[in-house]
Protein chains: 2
Amino acid sequence: MSDDCVLPKSDVQAEACPIVQIIDRVAGKWSVSILVAAIRKPVRYTELERSVPGISRRMLTLTLRNLERDGLLERTVYPTVPPKVEYSATPSARELYGHLTGLLEWAERHQPDIIEARKAYDEQALAA
Amino acid sequence: MSDDCVLPKSDVQAEACPIVQIIDRVAGKWSVSILVAAIRKPVRYTELERSVPGISRRMLTLTLRNLERDGLLERTVYPTVPPKVEYSATPSARELYGHLTGLLEWAERHQPDIIEARKAYDEQALAA
DNA sequence: CTGGATCCATTTAGATACTG
DNA sequence: CAGTATCTAAATGGATCCAG
């Protein structure tokens, strides 16, 4: 999605780009939900399908692969019949989650501001 | 992009959804760059076009409107000829930025892990 | 059970011409 | 200068079928 941070064309981008990369890593409809589920306890594929209602098989697999590729999830295959695969959160993912709850704290503190800002903005847009 | 957090269909989603909403607020290629620029000092429209190389007028305007709607940017119009419009970061945006740099700290600490994880993942995928 | 592969609808974003 | 409107290209996501 985002270009690499090499050869930033402005100092603003040089500062913003690494942040954008992290955001992108957990952006999208599904990543955080899967992360949350896997942090609670190791989860199986089908279990995730139920925990994250509305996700398609395709998106579940894609999201799992991306999270695994970034070292946020660990995939363990049990060579049984039928196959059993478990996804568990890595220590790295748990730390990241800590920062995300920090963001959540910000959101809760500013929720009134945001709601008011949106209301003001939408009303003013309506008037025009 | 994301549905509202009303009537979560699972407890995992109930926990994840508010986080997803915040992430989405600053996700995408451009939001963070614009935020960074506006935090340094109030910036004008054309100035942003230069500070954020590659952005189109359309995306610049759309992103500005979204950030303004969420109360992260304040838009000030000076009724001069030619017109002058300045965008400045709100206190709320500055606090949010603090949390984002927290994420950045995480990224820097785990960058080696991530690079290694990706390398391992890609090599193993290649072997298959 | 755990996916991979394919096809198609939807969404999103870039280019650019036009305006007060 | 600071946008808006329109058209088009590209990415994204869902549905479905197939396989170890």
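Going by what an unreviewed UniProt entry lists, chain A is known as DNA-binding HxlR family transcriptional regulator and is assigned to Glycomyces lechevalierae.

Right, let's get into the overall build of chain A. The helix and strand tally for chain A stands at five helices and three strands. Beginning at the N terminus, the succession of helices and strands in chain A can be written as α-α-β-α-α-β-β-α. Computed over the C-alpha atoms, the radius of gyration of chain A is 19 Å, more than 25% above the 14 Å expected from 2.2 N^0.38 for a compact globule of 128 residues. Its C-alpha atoms put chain A at 65 × 40 × 25 Å along the principal axes. Considering chain A as a whole, with its 128 residues, one finds that 45% of them fall into the buried category. Considering only intrachain contacts with a sequence separation of at least 6, the fraction spanning at least 24 residues in chain A is 40%. Here chain A displays about 7100 Å² of accessible surface, and carbon together with sulfur accounts for 55% of that area. Here chain A holds 17 positive side-chain charges and 18 negative ones, and the gap between their average locations is 11 Å.

This brings us to the packing of helix α5 (residues 91-127) of chain A against helix α1 (residues 11-26) of chain B. Two numbers describe how α5(A) lies on α1(B): the axes approach to 9 Å, and their chain directions differ by 75°. Judged by the angle between their axes, α5(A) and α1(B) are roughly perpendicular. Facing A:Y97, A:L100, A:L103, A:L104, A:W106, A:A107, A:I114 and A:R118 of α5(A), the residues of α1(B) in contact are B:E15, B:P18, B:I19, B:I22, B:I23 and B:R25. Partitioning the contact of α5(A) with α1(B) into residue classes produces 11 nonpolar, no polar and three charged.

Lining the immediate surroundings of DNA strand C are 17 residues, of which A:T46, A:T61, A:R75, A:Y87 and B:M59 lie closest. When atoms of DNA strand C within 4 Å of the protein are split into backbone and base, the sugar-phosphate part holds 69%. Contact between DNA strand C and A:R44: a phosphate oxygen at 3.1 Å from a side-chain N or O atom of the residue. A distance of 2.5 Å separates a phosphate oxygen of DNA strand C from a polar side-chain atom of A:R75. Elements that contribute at least two residues to the surface near DNA strand C include exactly α3 (45-51), α4 (57-69) and β3 (84-89) of chain A together with α4 (57-69) of chain B. Taken together, the residues that form the surface near DNA strand C break down as eight nonpolar, two polar and seven charged.

Okay, the relation of the copies chain A and chain B next. Of the transformation superimposing chain A on chain B, the axial component is 0.0 Å and the angular component is 180°, with the fit at an RMSD of 0.1 Å. Considering both components of the superposition, the chain copies are consistent with a two-fold axis. When the interface residues of chain A are mapped onto chain B, 100% of them again fall at the interface, so both copies present the same face.

A:I34 and B:I34 are the most contacted members of the largest nonpolar core, which has 74 residues in total. Those residues in contact with A:I34 that sit more than four places away from it in its chain are A:L48, A:V52, A:I55, A:L60, A:T63, A:L64, A:L67 and A:L73.

Conventions and cut-offs
Note that residues are indexed from 1 along each chain, following the sequence as it is written. Chains carry letters and ligands carry numbers; both start at the beginning, A for chains and 1 for ligands, and go up in the order they are written. Given that this is a predicted model, residues contribute local features only at a pLDDT of at least 70 and side-chain atom pairs are listed and counted only at 80 or more, while totals for whole chains, interfaces and linings are drawn from all residues. Excluding hydrogens and water, the side-chain figures rest on all heavy atoms present in the structure. Here a helix means four or more residues in a row that DSSP labels H or I, a strand means two or more in a row labelled E, and each is numbered from the N terminus. Radius of gyration here uses only the C-alpha atoms, and the compact-globule reference equals 2.2 Å multiplied by the residue count raised to the power 0.38. Residue exposure (1.4 Å probe, protein chains only): buried if accessible area is under 20% of the type maximum, exposed if over 50%, otherwise partly exposed. The contact criterion used throughout is that any non-hydrogen atoms of two residues lie within 4.5 Å. Each accessible area value is a Shrake-Rupley result obtained with a 1.4 Å probe; residue values ignore everything except the protein chains displayed when judging cover. Charge counting treats Lys and Arg as positive and Asp and Glu as negative, with His and both chain ends excluded. Note that the charge is assigned to NZ on lysines, CZ on arginines, CG on aspartates and CD on glutamates. Lines are fitted to the C-alpha atoms to define the axes, a helix being fitted only along its stretch in contact, and any angle between axes, read from their N-to-C directions, falls within 0 to 180 degrees. Put simply, angles under 35 degrees are roughly parallel, angles over 145 are roughly antiparallel, angles from 65 to 115 are roughly perpendicular, and the rest are oblique. In this classification, the charged set is Asp, Glu, Lys and Arg, the nonpolar set is Ala, Val, Leu, Ile, Met, Phe, Trp, Tyr, Cys and Pro, and all remaining amino acids, among them Gly, are polar. In these notes, residues near a molecule or strand are those with any non-hydrogen atom within 4 Å of it. Here a polar contact is taken to be a pair of N or O atoms separated by no more than 3.5 Å, where protein atoms must pair a possible hydrogen donor with a possible acceptor and residues adjacent in sequence count only if both atoms sit in side chains. Our superposition of the copies is a least-squares fit, built on the C-alpha atoms of residues whose pLDDT is at least 70 in both. Nine residue types can take part in a nonpolar core, namely buried Ala, Val, Leu, Ile, Met, Phe, Trp, Tyr and Cys, and a core is a set of them joined through side-chain atoms within 4.5 Å.

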